[in-house]
Amino acid sequence: MADIIVKIENLIAGYQDKIVLNKVNLDILQDDFIAIIGPNGGGKTTFLKTMLGLIPAMGGNIHFFKDNNKVPAIPIGYLPQYHTIDKRFPLRVFDVLHSGFMNDKLLFKRVSKTEKLRVNEIAEMTGITELLQKPIGNLSGGQLQRVFLGRAIVNKPRLLILDEPSTYVDNKFEGELYEILKDLNSQMAILMVSHDLGTIFSHVKSIACINKNLYYHKGNELTEAIVATYNCPIDILTHGHVPHRVLPLHSHDDIHSHENQQHKH
Amino acid sequence: MGNIFAYDFLTNAIMASILVSIACGIIGTYIVSKRIVFIAGGITHASFGGIGIGFFMAWNPLLTALGFSVIVAWIIQYLSKKSQIREDSVIATMWSLGMALGILFIYLTPGYTPNLMSYLFGSLLTVSNADLWLMLGITFALFLFFVFFMRAIIFITFDQDFAFTKTKHVNLFNYLLITFTALVIVISIRVVGIILVLSLLTIPQNIANIYFTDFRQIMISSVAISLLGTIGGLAISFALNVPSGATIIITLVVLFILAKLSDSLITLISKKKQLKLN
């Protein structure tokens, strides 16, 4: 079994007087690739932000490990939600990638040669080499997500945390993203929040559903029975010849209620 | 205007224009990039409270304004982190509270306060040597801070959340930057006055942004554009014998319109050329 890198015990998290997560437990192993799913407002982003230290935990513990020894922190790569970033900020792609090297000590240094080489390497890997000197304002949504993925992994983190990386991107990038993540998974654990439940399951190793609590499911098949036991109300999309949406089984009587739901969308 | 006295106050006016142009070019780029123009507006107007206290206590109003606006800046920075408070409402409250305190203290000040207008609309020609030293000190400190920490400032400003996951110094930088914002605003009040300061922090940056898309380039060209606007405006105001602060702002706005027009013209011509080639 792979080494454990993060141990989350009875984590309580939220904002001010509102508890969003109640006693969450999760062990993250070095080779994990976990999809985090769950309803909107269920606490997915709160969970990530608490793990990252962006919001303080209200209770419980988060322990980090390196070679089975407890350490105060491990390097974590983070790809925040797309809409949280100012796309018109006057900055070039190279600088965005380079900002991934930022840490307490390196805050004051200039670009070193090894960093420059590593930025080029990452640009190649994420397919943005030609964009390096462009301002981020000129990039498309998919190109920007590549840049932010690059920034997250440039300093070779042990854990990569992605908050909805496949929103605002085209299908082509989505496919490439999973290819890149598969490669990266040999070097780091990956935790990924996603709304795109159709394709995600074939790429991840396990699933965690967050809806105030966390339900961990080893394996990547999510059946309706599992959804029911985990109390995890989500939409499951599948791929077919015609784009379609699968609804829960229903008797003939309540067909109208479903029609009503459809109209809301 | 050829006598020695004219030369002396004109030298001070030009020196002040240069120092404030450098300071505003630098901190204005931070303000515009981070989209905190409203915070800058709040600090600017709140500083009037400090000026009022200065008059009332018979101290140097510029010094009391410095202290007062730095405290206001810290309060805004502190409260904006608390998510149960609306940030823009906090700014608006500090904005009007400062103005109200200023008016009240000036009313309570015995005697006549002759140079109130110079704080509202600037008074380049009455800049004293002491004012100049203050401007020099603040501009020099700001310059050093940006030279040494440019990367950190850009990265932290660009994406706070990401920076938080990388370094524990994010808040230290936020407070330092908001402090410099307050200090630069107060020294700029001597040049264009409370009412007009905001334009010195935003117009040069917006002109620069027409031609450049990189933080550092915008910063350097903003300083150059500010220099053009303030020295040019000062010369025009001197020639026409009109108030300098207002003339500087109008000069900058004219520069902005010219830059925008010439840029649109260039785009139009290059579009036509491309169509012809096709």
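Data block above holds the structure.
Since the model is a prediction, treat every value here as computed from it, not as a measurement.

Undergrad: So what exactly am I meant to see when it comes to the overall build of chain B here?
TA: In terms of regular secondary structure, chain B is built from eleven helices and zero strands. Reading chain B from its N terminus to its C terminus gives the helix and strand order α-α-α-α-α-α-α-α-α-α-α. A buried classification covers 51% of the 278 residues belonging to chain B. The contacts of chain B with a sequence gap of at least 6 include a subset with a gap of at least 24, amounting to 78%. A total accessible area of about 13200 Å² is found for chain B, and carbon and sulfur atoms account for 73% of it.

Undergrad: Mind showing me how you'd approach a nonpolar patch on the surface here?
TA: Residue and element names in this part refer to chain B. On the surface, a cluster of nonpolar side chains totalling about 700 Å² of accessible area is made up of Phe56, Met57, Trp59, Leu104, Tyr107 and Leu108. Listed by contribution, the elements that provide at least two residues to the nonpolar patch are α2 (37–57) and α4 (87–108). Looking at which element gives the most residues to the nonpolar patch, the answer is α4, with three residues.

Undergrad: What's the story with helix α9 (residues 197–211) of chain B in this structure? I'm lost.
TA: Residue pairs three or four apart in sequence face the same way in an α-helix, which turns once every 3.6 residues. Judged by how many residues are buried, α9 of chain B sits mostly within the fold: eleven of 15 residues are covered. Looking only at α9 of chain B, the buried set comprises Val197, Ser199, Leu200, Leu201, Thr202, Ile203, Pro204, Gln205, Ile207, Ala208 and Ile210 of chain B.

Undergrad: What is the right way to read the sheet that holds strand β2 (residues 18–29) of chain A from this model?
TA: The strands that make up a sheet are held in pairs by hydrogen bonds between backbone atoms, and each pair lies either parallel or antiparallel. Residue and element names in this part refer to chain A. Here we have four strands laid out as an open sheet, ordered β2-β1-β4-β5, and antiparallel in their pairing. Strand pairing shows two members of the sheet lacking a second neighbour, β2 and β5 (69–71), which therefore form its edges. For this sheet, the mean inter-axis angle between neighbouring strands, taken without regard to orientation, is 30°. Pairing of strand β1 (residues 4–15) with strand β4 (residues 59–66), which is carried by five bridges, proceeds in the antiparallel orientation.

Undergrad: I tried to follow the packing of helix α3 (residues 61–80) of chain B against helix α8 (residues 170–192) of chain B on my own but got confused; where do I start?
TA: For any two helices packed against each other, one specifies the inter-axial angle together with the distance between the axes. Residue and element names in this part refer to chain B. Between α3 and α8, the shortest axis-to-axis distance is 9 Å and the interhelical angle comes to 145°. Our pair here, α3 against α8, has a crossing hand that is right-handed. The segment α3 lies against α8, with Leu62, Ala65, Leu66, Ser69, Val70, Ala73, Trp74, Gln77 and Tyr78 engaging Asn174, Tyr175, Ile178, Thr179, Ala182, Leu183, Val186 and Arg190.

Undergrad: Got a minute to help me understand the interface of chain B and chain A in this structure?
TA: When the parts of a complex come together, some accessible area is lost, and that lost area is often used as the size of the interface. Contacts between chain B and chain A engage 31 residues on the former and 32 residues on the latter. Where chain B abuts chain A, roughly 2900 Å² becomes buried across the two surfaces, and 58% of that area is made up of carbon and sulfur atoms. A per-residue breakdown of the area chain B buries against chain A is headed by Phe158, Phe162 and Lys166 of chain B, which together make up 27% of the total. Along the contact surface separating chain B from chain A lie seven residue pairs in polar contact (both at pLDDT 80 or more).

Undergrad: I tried to follow unusual backbone geometry on my own but got confused; where do I start?
TA: Trans peptide bonds make up the majority, and among non-glycine residues the majority have a negative phi. Residues and elements named next belong to chain A. Backbone geometry at lysine 23 places phi at a positive 50°, although glycine is not the residue there. Take lysine 23: it is sitting in strand β2. Positive phi is not limited to glycine here, since lysine 212 has a value of about 70°. In this fold, lysine 212 is placed in the loop between β9 (206–211) and β10 (213–218). Classification of lysine 212 by relative accessible area gives partly exposed; the value is 40%.

Undergrad: How should I be thinking about the layout of surface pockets in this particular structure?
TA: If a probe as big as a water molecule is rolled over the atoms, it shows which places are left empty. Taken as a whole, the largest pocket holds about 1400 Å³ of empty space. Taken together, 37 residues line the largest pocket, and the ones lying closest to its centre are Ser80, Lys81, Gln160, Asp161 and Phe164 of chain B. For the lining of the largest pocket, the elements supplying multiple residues, two or more each, are β1 of chain A together with α1 (4–34), α3, α6 (129–158), α7 (160–164) and α8 of chain B. Of the residues forming the lining of the largest pocket, the biggest block, four residues, is contributed by α8 of chain B. A per-class count over the lining of the largest pocket returns 15 nonpolar, 13 polar and nine charged.

Undergrad: Could you clarify how one ought to interpret the side chain of threonine 109 of chain B in this entry?
TA: Residues and elements named next belong to chain B. Structurally, threonine 109 is set in the loop between α4 and α5 (116–121). In terms of polar contacts, threonine 109 uses its side chain to reach the backbone carbonyl oxygen of phenylalanine 105, at 2.6 Å. The contact partners of threonine 109, leaving out residues within four places of it in the chain, are Phe55 and Phe56.

Undergrad: I would appreciate a short explanation of the pattern of salt bridges in the present structure.
TA: Where side chains of opposite charge bring their charged atoms close, a pairing between them can arise. Within the structure shown, the criterion is met by eleven salt bridges over all chains. The residue arginine 92 of chain A makes a salt bridge to aspartate 214 of chain B at a minimum N-O spacing of 3.9 Å. Separated into two different chains, arginine 92 of chain A in the loop between β6 (76–79) and α2 (93–98) and aspartate 214 of chain B in the loop between α9 and α10 (215–240) make up a pair that spans both. Accessibility expressed as a relative area gives 23% for arginine 92 of chain A, which makes it partly exposed. Arginine 216 of chain B serves as the salt-bridge partner of aspartate 214 of chain B, at 3.6 Å between the closest nitrogen and oxygen. A relative accessible area of 4% means that aspartate 214 of chain B is categorised as buried. Three or more residues are tied together by salt bridges with common partners; here these are Arg92 and Asp95 of chain A together with Arg151, Asp214 and Arg216 of chain B.

Undergrad: Could you clarify how one ought to interpret the nonpolar core in this entry?
TA: Nonpolar side chains in soluble globular proteins tend to be buried together. Counting 156 residues, the largest nonpolar core has Ile28, Phe47, Leu159, Leu160, Leu181 and Leu191 of chain A together with Phe146 of chain B as the members making the most contacts within it. Ranked by the residues each element gives to this core, the list is headed by α8 of chain B, at 14 residues. Beyond its immediate stretch of four places on either side in the chain, phenylalanine 146 of chain B contacts Ile26, Ile27, Tyr30, Ile153, Leu177, Phe215 and Met219 of chain B.

Undergrad: Is there a simple way to explain helix α4 (residues 141–153) of chain A in this structure?
TA: All names here are of chain A. Taking 1.5 Å of rise per residue, 13 residues should cover 18 Å, and α4 covers 19 Å from first to last C-alpha, within 8% of that figure. Counting buried residues along α4, twelve of its 13 residues qualify, which places the element largely inside the surrounding structure. Buried residues of α4: Gly141, Gly142, Leu144, Gln145, Arg146, Val147, Phe148, Leu149, Gly150, Arg151, Ala152 and Ile153, and no others.

Undergrad: How should the sheet that holds strand β7 (residues 159–163) of chain A be read in this particular structure?
TA: Residues and elements named next belong to chain A. The mixed open sheet is built from six strands, whose spatial order is β6-β7-β8-β3-β9-β10. The open sheet has two free edges, formed respectively by β6 and β10, since each of these has just one partner strand. Averaged over all pairs of adjacent strands, the angle between strand axes in this sheet comes to 15°, irrespective of strand direction. Running over the sheet, α4 touches β6 and β7 and is turned about 165° from β6. Across the face of the sheet, helix α5 (residues 171–184) comes into contact with β3 (33–37), β7 and β8 (189–193) while running at roughly 150° to β8.

Reading guide: rules and limits
- Residues numbered from 1 in each chain as written.
- Chains lettered and ligands numbered in written order.
- Predicted model: local features only at pLDDT ≥ 70, side-chain atom pairs only at ≥ 80, totals over all residues.
- Heavy atoms only, no water.
- Helix = DSSP H or I, 4+ residues; strand = E, 2+ residues; numbered from the N terminus.
- Buried < 20%, exposed > 50% of the residue type's maximum accessible area, 1.4 Å probe, protein only.
- Contact = heavy atoms within 4.5 Å.
- Areas by Shrake-Rupley, 256 points an atom, 1.4 Å probe, with all protein chains shown as cover.
- Patch = residues over 30% accessible without salt bridge, like charges linked within 9 Å, V, L, I, M, F, W, Y side chains within 5 Å.
- Salt bridge = Lys/Arg side-chain N within 4 Å of Asp/Glu carboxyl O.
- Pairing = 2+ DSSP bridges.
- Axes fitted to C-alpha atoms, helices over the stretch in contact; angles between N-to-C directions.
- Left-handed = near helix turned anticlockwise from the far one by under 90°.
- Buried area = accessible area lost by both parts, 1.4 Å probe.
- Polar contact = N/O pair within 3.5 Å; in protein donor to acceptor, adjacent residues only side chain to side chain.
- 1 Å grid on protein atoms, 1.4 Å probe; cavity = no way out; pocket = protein on both sides within 12 Å on 5 of 7 lines; lining within 4 Å.
- Points joined across faces, edges and corners; volume = space filled by probe spheres on them.
- Nonpolar A, V, L, I, M, F, W, Y, C, P; charged D, E, K, R; others polar.
- Core = buried A, V, L, I, M, F, W, Y, C linked by side-chain atoms within 4.5 Å.
- Expected span 1.5 Å × (residues − 1).

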